[in-house]
Amino acid sequence: MRGVTDWTRRPDVQARLRAEVKRLLRKHKYPPDKQPGAVKLVLEQMELLADHEAGDKA
């Protein structure tokens, strides 16, 4: 599968995703003290969904 970014392995892409999740949490007034855990949870969920989708297409 050429041209598809494997964001689970690229630190620069992961950093951009973390920043976007943080921006969305701030936009929706998520409590700042709970943001680190929420960001981690969202990225873990994204990885699980990506693995699931990759398995469906393989």
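Residues numbered from 1 in each chain as written. Predicted model: local features only at pLDDT ≥ 70, side-chain atom pairs only at ≥ 80, totals over all residues. Heavy atoms only, no water.

**Focus: unusual backbone geometry**
You will see that Lys29, though not glycine, has its phi angle at about 55 degrees, which is positive. Checked against the element boundaries, Lys29 lands in the loop between α1 (11–27) and α2 (35–57). Classification of Lys29 by relative accessible area gives exposed; the value is 73%. (Helix = DSSP H or I, 4+ residues; strand = E, 2+ residues; numbered from the N terminus. Buried < 20%, exposed > 50% of the residue type's maximum accessible area, 1.4 Å probe, protein only.)

**Quick notes on the nonpolar core**
Within soluble globular proteins, side chains that are nonpolar tend to cluster in buried spots. Of all hydrophobic cores here, the largest spans five residues; its members are Val21, Leu25, Ala38, Val39 and Leu43. At the level of secondary structure, the elements contributing two or more residues to this core comprise α1 and α2. With three residues, the single largest contributor to this core is α2. For Ala38, the contacting residues outside a window of four places in its chain are Leu25 and Tyr30. (Core = buried A, V, L, I, M, F, W, Y, C linked by side-chain atoms within 4.5 Å. Contact = heavy atoms within 4.5 Å.)

**What to know about α1**
Helix length check: α1 (17 residues) gives 24 Å between terminal C-alpha atoms against 24 Å at 1.5 Å per residue, within 8%. Along α1, the positions that sit buried rather than exposed are Val13, Val21 and Leu25. On an axial view of α1, the arc spanned by its buried residues comes to 115 degrees, and they lie on one face. Of the exposed residues in α1, those oriented more than 90 degrees away from the buried face are Pro11, Arg16, Arg26 and Lys27. Residue Lys29 follows α1 closely and has a positive phi angle near 55 degrees. (Expected span 1.5 Å × (residues − 1). Arc of directions from axis to C-beta.)

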